[in-house]
Amino acid sequence: MPIEMESYFQPKNPLFMLAKGYFADLQAGDRRAASERILGSVEQGTTVADIYRYVFEPAQKELGRLWQINRMTIAQEHFCTAATQMIMCQLYPRILSGTKNGKVFVGASIAGELHEIGIRMVTDFFEMAGWDTHFLGANTPSLSILDHLETAQADIVGISATISPHVDLVRQFIQQLKSRQSLGKVHVLVGGYPFNQDASLWQSLGADGFASNADEAIEKATRLMELET
Ligand code: B12
């Protein structure tokens, strides 16, 4: 990571004031105010997708920036992350309420990988786009993911890795998937920090696609499904 980095809250953010206020609530240790601010905004018509795009994602990245320059302790960073996850849960009645398109998406972080908010956001975007989704969370062993893909009759699996040494596990996972006959039709999307740094990494691993954010993930998935028909 570069040493000098701009804040992730920039005035061009369409929810700039909401995002700043939310972050200030969390920094003050006030989860209740943070939650009320988000739920109030959603009540007034802000979409859950926009809260994810313009509030939660920059807030998470800002945590990393402040931690890196020693302006936030690890404990504060954990507190804010846990609070954001708690508030995301409060939005599920809205996330799970749309009509379905009959397609199944499974999202997981590879074994050893503890970063799970990115793939959770991606999975929730699939849910909001009408897919049936299965979010398996952090640190999921490859064989368990593969077995789950069979049970869930998945169309697409999304695998997340943030820490570079985990990239090789993603490669091994893809090889295992491609060699299992029963999973011949399952497409693999990958994403996370190392894939954002090197735009051709996904191809060298044998994945079917990569996306740098949740909106792009839906676009890529739609294209993969169109290619099938
Ligand atoms: C919260 C956090 C943690 C939490 C995670 C908790 C949790 N439940 O997820 C904890 C405390 C566990 C953690 C631990 C560590 N962390 Co950390 N962490 C972060 C932090 C602050 C936020 C992560 C986050 O939520 N981002 C927000 C999401 C929305 O963004 P995202 O993950 O990039 O996801 C988006 C896209 O990448 C994409 N995407 C992601 N996955 C996928 C998957 C698919 C299929 C697709 C299509 C797209 C996609 O779509 C998402 C939505 O747009 C980041 C800072 C940052 N800049 O992200 C550091 C950061 C990622 N961590 C970092 C580090 C170094 C670590 C540790 C090694 C620290 C340590 N010394 O112990 C450990 C490693 C633990 C492990 N084994 O995995 C570094 C990574 C640098 C690197 N890769 O080289 C960062 C960047 C901090 C920094 N400034 O240096 N961390």
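So, here's what we can say about the structure. (Residues numbered from 1 in each chain as written. Predicted model: local features only at pLDDT ≥ 70, side-chain atom pairs only at ≥ 80, totals over all residues. Heavy atoms only, no water.)

**Points about the overall build of the chain**
Helix and strand counts for the chain stand at 11 helices and five strands. The C-alpha radius of gyration of the chain comes to 18 Å, within 12% of the 17 Å expected for a compact globule of 229 residues. Here the analysis covers contacts within the chain between residues at least 6 apart in sequence; of these, 73% occur between residues at least 24 apart. Per element, the accessible surface of the chain, about 11,600 Å² overall, is 53% carbon and sulfur. (Helix = DSSP H or I, 4+ residues; strand = E, 2+ residues; numbered from the N terminus. Rg over C-alpha atoms; globule rule 2.2 N^0.38 Å. Contact = heavy atoms within 4.5 Å. Areas by Shrake-Rupley, 256 points an atom, 1.4 Å probe, with all protein chains shown as cover.)

**Examining the sheet that holds strand β3 (residues 156–160)**
One open sheet holds the five strands; their spatial order is β2-β1-β3-β4-β5, and the pairing between them is parallel. Sheet topology places β2 (132–140) and β5 (209–210) at the edges, where each strand pairs with a single neighbour. Bridging between strand β4 (residues 187–191) and β5 involves two bridges; their strand directions are parallel. Residue pairing in the sheet places Val-190 in a bridge with Phe-210 of β5. Seen against the sheet, helix α8 (residues 167–178) touches β1 (104–110), β3 and β4 and runs at an angle of roughly 175° to β4. (Pairing = 2+ DSSP bridges. Axes fitted to C-alpha atoms, helices over the stretch in contact; angles between N-to-C directions.)

**Looking at the pattern of salt bridges**
Enumeration over the complete set of coordinates arrives at 12 salt bridges. Arg-171 is the salt-bridge partner of Asp-168, the closest N and O atoms lying 2.9 Å from each other. Of this pair, Asp-168 and Arg-171 both sit in helix α8, three residues apart, which is roughly one turn of that helix. Taking the shortest distance from any N to any O, the salt bridge between Glu-216 and Lys-220 comes out at 3.7 Å. Pair noted here: Glu-216 and Lys-220 are both in helix α11 (residues 214–228), with a separation of four residues, about one helical turn. Take Glu-216: its relative accessible area is 22%, and that puts it in the partly exposed class. The class for Lys-220 is partly exposed, based on a relative accessible area of 24%. Overlapping salt bridges bring together Asp-50, Arg-53 and Asp-215 as one network. (Salt bridge = Lys/Arg side-chain N within 4 Å of Asp/Glu carboxyl O. Buried < 20%, exposed > 50% of the residue type's maximum accessible area, 1.4 Å probe, protein only.)

**Points about the packing of helix α2 (residues 31–43) against helix α4 (residues 74–90)**
With their axes 10 Å apart at the nearest point, α2 and α4 run at an angle of 40° to one another. What the angle tells us is that α2 and α4 run oblique. Our pair here, α2 against α4, has a crossing hand that is right-handed. The segment α2 lies against α4, with Arg-31, Ala-34, Ser-35, Ile-38 and Leu-39 engaging Phe-79, Ala-83, Met-86, Ile-87 and Gln-90. Of the residues belonging to the contact of α2 with α4, the class tally is seven nonpolar, two polar and one charged. (Parallel < 35°, antiparallel > 145°, perpendicular 65-115°, else oblique. Left-handed = near helix turned anticlockwise from the far one by under 90°. Nonpolar A, V, L, I, M, F, W, Y, C, P; charged D, E, K, R; others polar.)

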